[in-house]
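Letter by letter, the chains look like this.
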Amino acid sequence: MKPENTFISQRLHSLDALRGFDMFWIIGGEGLVHAMAKITGAPFWLSFSEQLEHPYWDGFTGYDLIFPLFIFLAGVSTPFSVGKALHSGQPKSKVLQRVLRRGLILLILGVIYNNGLELRPLSDIRFMSVLGRIGIAYALANILYLYVKEKWLIYWFGGLLIGYWLILKFTSAPGFPIGDLTMEGNFASYVDRTVLPGKLSREIHDTVGLFNNIPAIGNALAGIITGLYIKNKSVTPTRKAVTMAVFGVASIVIAQVWNLDFPINKNLWSSSFVMQTVGLSLLLFALFYYIIDVLGYQKWSFFLQVIGMNSILIYISGKFINWRYTTEALFQWLMQLSGETYAILTFAICLLVIKWLFLKFLYDRRIFLRV
């Protein structure tokens, strides 16, 4: 971590706000919803609570969007960060080194997040992770950005998704019918349990595997293409927002059609899942971009920007800071005053407040975890 003097001014406010909105549900927002569902039993809160749980295999909920949205936003930032470095005259080789270093650091942080800082037998270590996927997708998409003409990025996006679909459609694990998409029989899981060292999160399958990083690159590429479009000065900001929304709807329609043959599945990171999440990411970004950067309504988003500026830090903080202990130590009295029924809601609110104040403390001092 290091102080940043100009970091904030160089960024899209909507980008940080949407990243903060994304992470809000990870750092405590989901707890608020689950608490309300338990307390009230109301259909609205129960349905909302169900949307904050992952399906075990096929299917899609709102919670499934959090991870791919983060990858998409990492892609959006590429033309502004990597693009600026290239514009300033830095050689591609130097920029490439920085991209690869960031990807590697995220991969290592992911291993630490999964296993902690302790020595373990190789067979007990889980190597694949959320941060690892972000690092791999970010690095490979950025390599394409560096060395492929901009107009070809869309073809790479389509090629990766179609290629991944065809691979899974015409292969399977040994002993299973061609095109088997069950956890045991699909080709991606078979590759992971054959190639990956250590353990998998579900023994025969890892929820963030190695082989299905192929389509995940598509989420990052979609973000890069969006970022390039945002930088296009020949298009009015309002039209940019409308165009993103239109393509968002079109992507969701494609996802639903593709779902008939290649089910939307976060575990497999299916091509239909990519189109679904890219579509929703475009709709959300169009909304945030239009409200914050086009219309100029920024003050309301400050709460989210504070979270978004240190998203990686707050994500990994739970492995090193006992937030539950801190919350209970400071606010046990308030939970007691709330009564047994509302104690879980009070805890969820206080937990979120403490985490945000921690991030605000860092924000005020311009301290950000930069990978």
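The shown structure was predicted, so the numbers you read here are calculated from the model rather than taken from an experiment. (Residues numbered from 1 in each chain as written. Predicted model: local features only at pLDDT ≥ 70, side-chain atom pairs only at ≥ 80, totals over all residues. Heavy atoms only, no water.)

Our next topic: the layout of surface pockets. Computed from the structure, the second largest pocket encloses a volume of approximately 760 Å³. If you trace the second largest pocket, you find 35 residues lining it, with Ile26, His54, Tyr113, Val130 and Tyr315 closest to the centre. Looking at the lining of the second largest pocket, the elements that each hand over two or more residues are helix H1 (13-40), helix H3 (66-87), helix H4 (92-115), helix H5 (130-147), helix H12 (311-317) and helix H13 (323-364). Partitioning the lining of the second largest pocket into residue classes produces 18 nonpolar, nine polar and eight charged. (1 Å grid on protein atoms, 1.4 Å probe; cavity = no way out; pocket = protein on both sides within 12 Å on 5 of 7 lines; lining within 4 Å. Points joined across faces, edges and corners; volume = space filled by probe spheres on them. Helix = DSSP H or I, 4+ residues; strand = E, 2+ residues; numbered from the N terminus. Nonpolar A, V, L, I, M, F, W, Y, C, P; charged D, E, K, R; others polar.)

Turning next to the packing of H3 against helix H10 (residues 271-294). What describes two packed helices is the angle between their axes and the distance between those same axes. Between H3 and H10, the least distance of the axes is 9 Å, while the angle of their chain directions is 65°. Here H3 and H10 pass one another in a crossing that is right-handed. Where H3 abuts H10, its residues Pro68, Leu69, Phe72, Leu73 and Val76 lie against Phe273, Thr277, Ser281, Leu282, Leu284 and Phe285. The class makeup of the residues in the contact of H3 with H10 is nine nonpolar, two polar and no charged. (Axes fitted to C-alpha atoms, helices over the stretch in contact; angles between N-to-C directions. Left-handed = near helix turned anticlockwise from the far one by under 90°. Contact = heavy atoms within 4.5 Å.)

This paragraph deals with the environment of methionine 244. Its location among the elements puts methionine 244 in helix H9 (residues 237-258). Distance from methionine 244 to glycine 31, taken between C-alpha atoms, is 31 Å for residues 213 residues apart in sequence.

This next bit is on the packing of aromatic side chains. Overall, the coordinates contain 25 aromatic pairs when judged by the stated rule. With a centroid separation of 6.0 Å and an interplanar angle of 10°, the aromatic rings of tryptophan 45 and phenylalanine 48 are classed as stacked. Taken together, the residues span about one helical turn, with tryptophan 45 and phenylalanine 48 both in helix H2 (residues 43-50) at a distance of three residues. Of the residues examined, tryptophan 45 reaches a relative accessible area of 25% and is grouped as partly exposed. In this structure phenylalanine 48 comes out as partly exposed when scored by relative accessible area, which is 27%. Taking the centre distance of 6.1 Å and the plane angle of 35° together, the rings of phenylalanine 285 and tyrosine 289 count as tilted. (Phe/Tyr/Trp six-rings, centres within 6.5 Å; stacked < 30°, edge-to-face > 60°. Buried < 20%, exposed > 50% of the residue type's maximum accessible area, 1.4 Å probe, protein only.)

A word on a nonpolar patch on the surface. Where nonpolar side chains cluster on the molecular surface, the patch consists of Trp152, Ile154, Tyr155 and Trp156 and spans about 470 Å² of accessible area. Summarising the element assignment, tryptophan 152 is placed in the loop between H5 and helix H6 (153-169). (Patch = residues over 30% accessible without salt bridge, like charges linked within 9 Å, V, L, I, M, F, W, Y side chains within 5 Å. Areas by Shrake-Rupley, 256 points an atom, 1.4 Å probe, with all protein chains shown as cover. Salt bridge = Lys/Arg side-chain N within 4 Å of Asp/Glu carboxyl O.)

Quick look at the pattern of salt bridges now. When charged atoms on two side chains of opposite charge get close, those side chains can pair. Scanning the entire structure with this criterion turns up six salt bridges. Notably, a salt bridge pairs glutamate 118 with arginine 120, separated by 3.3 Å at the nearest N-O pair. The exposure class of arginine 120 is partly exposed, given its relative accessible area of 31%.

Taken N-terminus to C-terminus, the directions of H1 and H10 make an angle of 130°; their axes are 9 Å apart at the nearest point. It follows that H1 is oblique to H10 by the angle criterion. As H1 runs across H10, the sense of the crossing is right-handed. Residue-level contacts link His13, Ser14, Leu15, Ala17, Leu18 and Phe21 of H1 to Leu284, Phe285, Phe288, Tyr289, Ile292 and Asp293 of H10. Residues belonging to the contact of H1 with H10 are distributed by class as follows: nine nonpolar, two polar and one charged. (Parallel < 35°, antiparallel > 145°, perpendicular 65-115°, else oblique.)

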